[in-house]
Amino acid sequence: MVTLAEVAQHAGVSASTVSYVLSGKRSISTTTRQRVEQSIRELGYHPNAGARALASSRSNIIALMVPLRTDMYVPVMMEIAIAVATTARTHGYDVLLLTGEEGPDAVRRVTGSGLADAMILMDVELDDERLPLLRGTDQPSVLIGLPADTSGLTCVDLDFRATGALCVEHLAMLGHRDIAVIGEAPAVYERHTGFAERTLDGLRSRAQELGVRLLHRPCEGGYDAMAVTLARILDERPGTTGFVVQNESAVEPLLALLRQQGRAVPEDVSVVAICPDQVATQASVRLTSVAIPAQEMGRNAVERLVAKLDGRGSDEVVLITPELTVRASTGPVPA
């Protein structure tokens, strides 16, 4: 392993000069800095992470708290996590992934141990138990998600309330007046998870404004659960002609069940999904959808966190405007 002393000898400078180039603690002439950096590249030198952390009081690690629950669509969570990791790396940070459902204990562990310089939290609930601890620490943090009270916090998320409204507007414009919402698993609403609650709020508010009847039913996903949920919807609202689906696991079972019942999409019923583009475009009927901008959310969160670490950031709420893409699954209400 190449040592700092060997880099100094190769560059013809003192070991302290190499240290100052790495830490940025002192001003070094451009010529000397370039010579040291060239020696570092040629020798393949990598600073010892533990020693560097002790010297700078920084670990150069960002903790990403992403509880992997069975009732959440993991591919979206992982796409956000990958975007966080790749963006963090461009700023010189590595990512520590915390996937357990530890809640406040995970925040205490990070802030109390010096494991990381900053935190990004996902799977945010409206009244998230982790938030009082975040507000009470000087350690920078960013939420990917929106709680009920955003004061003293930096949050990045898709505007899910506007997303719900956009779905209703599209179907109402096509003449649909009875719309059913097939939502996430019941546990997601029981936890008051922010994105699901805000979507539902947007759906209901806009439906009321447009004079549209709206029925919301949570669904575990999968064929059997979707069959029970669809039967209940059509029993309670037999005139339903529009569906909004916010549950990736329910998309294909819903389309299969509608086919079995002789309900053609979009001639008899229309379907709008809130899901990744990959899910929408690979479904048996290409779905009109609002995409989840997972990569943009991850990148945005890291950029704001790095700004905070550099002393440039301030608390803010960043809501990404939803975009609806019309495909083959929506059409005019049948005569």
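Residues numbered from 1 in each chain as written. Predicted model: local features only at pLDDT ≥ 70, side-chain atom pairs only at ≥ 80, totals over all residues. Heavy atoms only, no water.

As recorded in an unreviewed UniProt entry, the protein chain goes by the name LacI family DNA-binding transcriptional regulator, listed as coming from Streptomyces justiciae.

As enumerated under the stated definition, the model contains one aromatic pair in all. On the numbers, 5.6 Å between centres and 55° between planes, the contact of Phe-160 with Phe-195 is tilted. Placement of the pair is Phe-160 in helix H8 (residues 160–173) and Phe-195 in helix H10 (residues 194–210), with a sequence separation of 35 residues. Judged by its relative accessible area of 5%, Phe-160 is buried. (Phe/Tyr/Trp six-rings, centres within 6.5 Å; stacked < 30°, edge-to-face > 60°. Helix = DSSP H or I, 4+ residues; strand = E, 2+ residues; numbered from the N terminus. Buried < 20%, exposed > 50% of the residue type's maximum accessible area, 1.4 Å probe, protein only.)

Take the side chain of Glu-248 next. In this fold, Glu-248 is placed in helix H12 (residues 248–260). Buried within the structure, Glu-248 lacks any salt-bridge partner; Arg-191 is the closest side chain of opposite charge, at an N-O distance of 12 Å. Not counting the four nearest positions on each side in its chain, Glu-248 is found in contact with Tyr-73, Val-76, Glu-184, Ile-274, Cys-275, Pro-276 and Val-279. (Lys, Arg positive; Asp, Glu negative; His and termini not counted. Salt bridge = Lys/Arg side-chain N within 4 Å of Asp/Glu carboxyl O. Contact = heavy atoms within 4.5 Å.)

Applying the stated criterion across every chain, the model contains 19 salt bridges. Arg-109 serves as the salt-bridge partner of Glu-102, at 2.7 Å between the closest nitrogen and oxygen. Ionic pairing is found between Arg-206 and Glu-169, a salt bridge with its closest N-O pair at 2.7 Å. Residue Arg-206 is found in helix H10, and its partner Glu-169 is found in helix H8; the two are separated by 37 residues along the sequence. Ionic contacts of the salt-bridge type, sharing partners, join the residues Arg-69, Asp-71, Asp-123, Glu-125 and Arg-191 into one network.

With that settled, the discussion passes to the environment of Ser-329. With respect to the helices, strands and loops of the structure, Ser-329 is situated in the segment after strand E12 (324–325). When its relative accessible area of 0% is taken as the criterion, Ser-329 is described as buried. For the pair Ser-329 and Leu-287, spaced 42 residues apart in sequence, the C-alpha separation works out to 4.9 Å. If we ignore the near neighbours within four places in the chain, the residues touching Ser-329 are Val-265, Pro-266, Val-269, Ser-270, Val-271, Val-285, Arg-286, Leu-287 and Thr-288. Side-chain polar atoms of Ser-329 contact the backbone nitrogen of Thr-288, separated by 2.8 Å. (Polar contact = N/O pair within 3.5 Å; in protein donor to acceptor, adjacent residues only side chain to side chain.)

Quick look at empty space enclosed by the protein now. Throughout the structure, instances matching the rule amount to one cavity of 30 Å³ or more. Counted as a void, the largest cavity has a volume near 310 Å³. In terms of lining, the largest cavity is formed by 22 residues, of which the most central are Met-72, Val-76, Met-77, Phe-160 and Phe-195. Broken down by secondary-structure element, the contributors of at least two residues to the lining of the largest cavity are helix H5 (74–90) and H10. Looking at the lining of the largest cavity element by element, the count peaks at three residues for H5. Split into classes, the residues belonging to the lining of the largest cavity amount to 14 nonpolar, four polar and four charged. Counting only domains with at least three residues in the lining of the largest cavity, you end up with domain 2 (61–157 + 294–313) and domain 3 (160–293). (1 Å grid on protein atoms, 1.4 Å probe; cavity = no way out; pocket = protein on both sides within 12 Å on 5 of 7 lines; lining within 4 Å. Points joined across faces, edges and corners; volume = space filled by probe spheres on them. Nonpolar A, V, L, I, M, F, W, Y, C, P; charged D, E, K, R; others polar. Domains from an automatic or database assignment.)

To continue, consider the pairing of strand E8 (residues 242–245). Every other side chain in a regular strand lies on the same face of the sheet, so the side chains alternate between the two faces. Burial along E8 is two-sided: Gly-242 and Val-244 and Phe-243 and Val-245, pointing in opposite directions, are all buried. Across four bridges, strand E6 (residues 178–183) lies against E8 in parallel orientation. Across the sheet, residue Val-181 finds its bridge partner in E8, namely Val-244. Where E8 and strand E9 (residues 270–274) come together, four bridges link them in parallel fashion. Each residue of the ladder has a partner; that of Phe-243, found in E9, is Val-271. The parallel pair E8 and E9 is bridged by H12, and the resulting crossover is right-handed. (Pairing = 2+ DSSP bridges. Right-handed = clockwise from strand over helix to strand, strands pointing away.)

With that settled, consider helix H14 (residues 294–309). Along its 16 residues, H14 runs 23 Å from first to last C-alpha, staying within 8% of the 22 Å computed at 1.5 Å per residue. Looking only at H14, the buried set comprises Ala-294, Met-297, Gly-298, Asn-300, Ala-301, Val-302, Leu-305, Val-306, Ala-307, Lys-308 and Leu-309. Here the buried face of H14 lies against strand E1 (61–65), H5, strand E3 (118–121), strand E4 (141–144), strand E5 (155–158) and strand E11 (317–320). (Expected span 1.5 Å × (residues − 1).)

Attention shifts here to the packing of helix H11 (residues 223–236) against H12. Where H11 contacts H12, the axes come no closer than 9 Å and their chain directions differ by 55°. Regarding the angle of H11 to H12, the classification is oblique. At the point where H11 passes H12, the crossing takes the right-handed sense. Residues Tyr-223, Met-226, Ala-227 and Leu-230 of H11 touch H12, and the partners they reach there are Ala-250, Pro-253, Leu-254, Leu-257, Leu-258 and Gln-260. Among the residues making up the contact of H11 with H12, the classes are represented as nine nonpolar, one polar and no charged. (Axes fitted to C-alpha atoms, helices over the stretch in contact; angles between N-to-C directions. Parallel < 35°, antiparallel > 145°, perpendicular 65-115°, else oblique. Left-handed = near helix turned anticlockwise from the far one by under 90°.)

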